[in-house]
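Here is how the chains run, residue by residue.
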Amino acid sequence: MRSPTLSASAGPAGAGFEDRLSEPLTAVVAGARRRAVRDADRQLDTAHLLHTLVENDPRVWGAFAGGPPQVVRLLGYLVQRTIGYGLRWSGTVETSPAAAGDGVPGWSPAAAAAMAAAVERAAARGALLAEGPDLLAALTYDRECRAAEVMRRVGVDVDLLVTALDGEPCQW
C-alpha cells in the first residue's frame, strides 16, 4: 500500500534541494523513500536516510572508527528497525531541535533539516552538489534525530564521528 504523503514526487524538490544533490545522493534519497513506503511509514525519516546511505555509499564507511564490523552492526540494527524495532516510532513524526518550520511534504522535519544541512555543508566546502558524506555529517550533527539514536545504540561514538567527518580532507 502506497502512503499518500510519500508519492514519487515527494521529497526535497519543494525545498529546492533536488538540484543540489549528487547522482549517488539522489539515489540514496530515492532508496530511502522506497524504504519508508515499504515500511508503511507516513514520512521518510533520518533512520531511512542513514540506512540507505550506509547500505549504498561505501565512501561513508571509512568515517566509522569501528571500521567494517561497526558498519555491519549498524546495518544489522537498521534491518531490525525495519522488522520491528521501529514499531515504537510508527505513526509518530520525527522532530528534533535542529528541525525548524514545517519541513517538506513526505519528510520528517528532522530529515528535511538534515538534507538542508548536507546541502549547506557541501556549499561550505565549495562543492555545487551534496554527497553522501555531507549527509552523514548532517545526521551526526543532530544528536536528537533517529539516525543519531541508532548510531549511539550500536556503539558509534558520535562525537568522534563528527570529528572525523569535519577533520578529514574531502576525498570524494
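Summary of the structure given here. (Residues numbered from 1 in each chain as written. Predicted model: local features only at pLDDT ≥ 70, side-chain atom pairs only at ≥ 80, totals over all residues. Heavy atoms only, no water.)

1. A look at the packing of helix H5 (residues 132–141) against helix H6 (residues 146–153)
Thinking step 1. Two elements in contact, H5 and H6, have axes separated by 7 Å at closest approach and are oriented at 85°. By the angle between their axes, H5 is roughly perpendicular relative to H6. Touching Leu136, Leu139 and Thr140 of H5 are Ala147, Ala148 and Met151, all from H6.
Thinking step 2. Partitioned by chemical class, the residues of the contact of H5 with H6 number five nonpolar, one polar and no charged. (Axes fitted to C-alpha atoms, helices over the stretch in contact; angles between N-to-C directions. Helix = DSSP H or I, 4+ residues; strand = E, 2+ residues; numbered from the N terminus. Parallel < 35°, antiparallel > 145°, perpendicular 65-115°, else oblique. Contact = heavy atoms within 4.5 Å. Nonpolar A, V, L, I, M, F, W, Y, C, P; charged D, E, K, R; others polar.)

2. A short note on the side chain of Arg35
Thinking step 1. Summarising the element assignment, Arg35 is placed in helix H1 (residues 23–38).
Thinking step 2. Owing to a relative accessible area of 7%, Arg35 belongs among the buried residues under this scheme.
Thinking step 3. Excluding anything up to four places from it in sequence, Arg35 contacts His48, His51, Thr52 and Glu55. (Buried < 20%, exposed > 50% of the residue type's maximum accessible area, 1.4 Å probe, protein only.)

3. Things to note about helix H4 (residues 109–124)
Thinking step 1. Under the 1.5 Å per step criterion, the end-to-end length of H4 is 22 Å for 16 residues, consistent within 8% with the ideal 22 Å.
Thinking step 2. Along H4, the residues classified as buried are Pro109, Ala110, Ala111, Ala112, Ala113, Ala114, Met115, Ala118, Val119, Arg121 and Ala122.
Thinking step 3. Just past H4, the residue Gly126 takes up positive phi, approximately 85°. (Expected span 1.5 Å × (residues − 1).)

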